[in-house]
Amino acid sequence: MADTATTTNKMTARGVNVFYGEKQAIQNVSIDVDLENVTAFIGPSGCGKSTFLRTLNRMNDTVASARVEGRITLDGEDIYGSAMDVVQLRARVGMVFQKPNPFPKSIYENIAYGPRIHGLASGKADLDQIVEKSLRRAGLWEEVKDRLNDSGTALSGGQQQRLCIGRAIAVEPEVILMDEPCSALDPIATAKIEELILELRGNYAIVIVTHNMQQAARVSQRTAFFHLGRLVEQGPTTEIFTNPRKERTKDYITGRYG
Amino acid sequence: MSEAVLPMSATPVATSRAPTDWNGEAMRRRIALRYAAERRFRLLGLCAVLISAGFLAFLLISMGANGARGFMSTQIKLPVDFPRSPIMIDPAMLSTNPDQVLANANLPQVIESSAQAAFGKDGDDYISSGAVAALRKAIIADPGILTRKVTITVPASAGIDLAAKSDGSEADEAAVVKLEQARALSTGFNGGFLTSSDGTDPTVVGIWGALKGSLLTMAITLALSFPIGVFAALYLEEYAPRNRWTDIIEVSINNLAAVPSIIFGLLGLAIFLNMMHLPRSAPLVGGMTLALMTMPVIVIAGRNAIKAVPPSIRDAALGIGASPIQVVFHHVLPLALPGILTGTIIGMARALGETAPLLMIGMRAFVASPPGGITDPATVLPVQIFLWSDEVGKGFIEKTSAAIIVLLIFLLTMNSIAIYLRNKFEKKW
Ligand SMILES: Nc1ncnc2c1ncn2[C@@H]1O[C@H](COP(=O)(O)OP(=O)(O)OP(=O)(O)O)[C@@H](O)[C@H]1O
Ligand SMILES: [Mg+2]
């Protein structure tokens, strides 16, 4: 197991380019993700944060026009290499999508599905326990514990997003990619998610995309600023926010550029 | 080092426009026009629904009125005096081998003489050829009657049957009056219609042979076209690479769904009968031919249903490490199933009513016994209807209508099952 005292690079990306057809959406991005530090991706809309995030668990494979260049490794292993099993990769690198997308099944099934297909539960009672624990960590348990058999799509938008977070952590991934997980949440639910991120930190490598500068400052230890498909600047969050090296980063953080 | 900022909308919008008057005359007119348009639209829709409902009601009522008579038959109480009749039977043999004994017992003569004795010299014309079967059944049920004089209810001949239902020739009308005076006439439910097969005498024909033929044929059609159609749709949507070959396949399937059914009959004739030498007139070949026709409908409906599954659901499943197969079978297929079943209903309903392709593969033959299996000669309901509607005998008219009712009930049952299944799968989610 990784020793949390020393910084261990869980994932590394080197010289990554992403194309949608002819159009280049990501240009030459290199970045490290480790267990000790939560990494925040910030940047204006359309700059490629989601695109880059999706290269980390190969969700871009599902976009027919998308093409990825460069080298991305998980525990030193090339995730685009032929030895990598993409299905297992996605179980190890979980994802919470920008738009909530619960399965049109019961709340219970939404959480239980992942553990079940990966054989993580040793029985019904064990599965019940995983479901409860995941929902508690996602801050949803108290609201849904009496209606676990209701459809997941009948929840409110914010509840759906927390359900999706619970679903992602139920498979106990090593890396969790969160694409604006709190954009549909109220301040209380947001606080719960941020608590969860702080709690998971150290055991899981976490990447979070956010448009909320305060949130980036609260939960992350490292921040990467994207602009027009390029990684403009990355470094310790405190440094990026208090003393950015690039003018463009400063403009964005101080709100002069939106 | 600040760089050029993105261009902002610099030119100011044209000024000096009067503010919108939301309560003015022009606005009120617009609203009135909108209401009128909505009313017109609703009225048109209502008209369309009423017209189609009217056609349906007309069809059902006229079929029901004609067909109901086809399910009823006129019966005659025929007194038979066995000891005096020309019956040739050995009562001792009856228990060991009744079928053969009765086949040689000269029963038609017994009926003829009994009828002539009871109703005069034309008496045997009043009785249907089905009377022999009734007599045989009565003897087997109680051999003791062979020593007595008994009254047996036998079916009336086609002429008497029609006349009794007030549609016969003058001579038959007179005979009916005579029989009614003798209190020998009765009307009953024609159970034989549902249990026997085609024949030459309209009073004894039945629909069972064609119904069983249709059941077997539909079973073959469903068993072939549903799995092949669903898997083809899944493959084309989920796995096939997008290239010229899949485009060609897609265009071919779409065209296949529009090909006139008789062409499929020719195809079935050429391939299944002439090349593969499968048995003629059999439900197996009929089902295979109809499956060719039904499959493209299921493929097209299936592909549309699969396409309609939101990509976010696929992403969600892939994102927690479901394999492509698991995504398809746990998420895509269950969500697409209601749509696939709708396509199946449409395809199967069309196949059930299809006549032309089955004529090509020889299912128009006169088949007097129900098929024992999928390779026996058989006919199907629509072909049976076609054959009866072509008969000269007047008694076949109501049989045709009755067969149409059976066909419609079959169709309704099949569709109800499919709709029940569809709703069940929709509810599961
Ligand atoms: N499936 C796709 N096909 C083609 N182009 C795409 C696709 N997805 C994204 N893009 C393009 O790639 C660029 C980056 O998009 P991306 O979704 O990564 O932005 P983002 O930084 O996540 O923005 P936001 O903050 O609004 O979510 C955009 O210009 C977008 O138009
Ligand atoms: Mg995004």
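> Tell me what's going on with the interface of chain B and chain A, and back it up with residues and numbers.
Chain B puts 19 residues into the contact, and the matching count from chain A is 24 residues. Across the interface of chain B and chain A, roughly 1,800 Å² is buried in total on both sides, 65% from carbon and sulfur atoms. Remark: the boundary between chain B and chain A carries 1 salt bridge. Where chain B packs against chain A, one counts 5 residue pairs in polar contact (both at pLDDT 80 or more). For the side of chain B that touches chain A, the secondary-structure elements that each account for two or more residues are helix H13 (311–319) and helix H14 (324–352) of chain B. Ranked by the residues each element gives to the side of chain B that touches chain A, the list is headed by H13 of chain B, at 7 residues. Residue classes in the side of chain B that touches chain A are distributed as 10 nonpolar, 7 polar and 2 charged.

> For the domain arrangement of chain B, give the residues involved together with the corresponding values.
Residues and elements named next belong to chain B. Partitioning chain B into domains gives domain 1 (69–190) and domain 2 (208–425). Carbon and sulfur atoms make up 58% of the area that domain 1 and domain 2 hide from each other, which totals about 600 Å². Considering only the surface of domain 1 that becomes buried against domain 2, Gly70, Phe71 and Leu162 emerge as the three largest contributors, covering 67% of it. If you look at where domain 1 meets domain 2, you find 0 salt bridges. At the boundary of domain 1 and domain 2, one finds 1 residue pair in polar contact (both at pLDDT 80 or more). The set of elements that each furnish at least two residues to the side of domain 1 that touches domain 2 consists of helix H1 (25–70) and helix H6 (158–164). Split by residue class, the side of domain 1 that touches domain 2 holds 2 nonpolar, 2 polar and 4 charged.

> Can you break down unusual backbone geometry residue by residue, with the values?
Positive phi, normally seen in glycine, also occurs at Asn28 of chain A, with a value near 50 degrees. Of note, Asn28 of chain A is situated in strand E2 (residues 23–34). Phi at Ser281 of chain B takes a positive value of approximately 60 degrees, unusual for a residue other than glycine. On the secondary structure map, Ser281 of chain B appears in the loop between helix H11 (261–275) and helix H12 (283–307).

What counts, and at which threshold
Residues numbered from 1 in each chain as written. Chains lettered and ligands numbered in written order. Predicted model: local features only at pLDDT ≥ 70, side-chain atom pairs only at ≥ 80, totals over all residues. Heavy atoms only, no water. Contact = heavy atoms within 4.5 Å. Buried area = accessible area lost by both parts, 1.4 Å probe. Salt bridge = Lys/Arg side-chain N within 4 Å of Asp/Glu carboxyl O. Polar contact = N/O pair within 3.5 Å; in protein donor to acceptor, adjacent residues only side chain to side chain. Helix = DSSP H or I, 4+ residues; strand = E, 2+ residues; numbered from the N terminus. Nonpolar A, V, L, I, M, F, W, Y, C, P; charged D, E, K, R; others polar. Domains from an automatic or database assignment.

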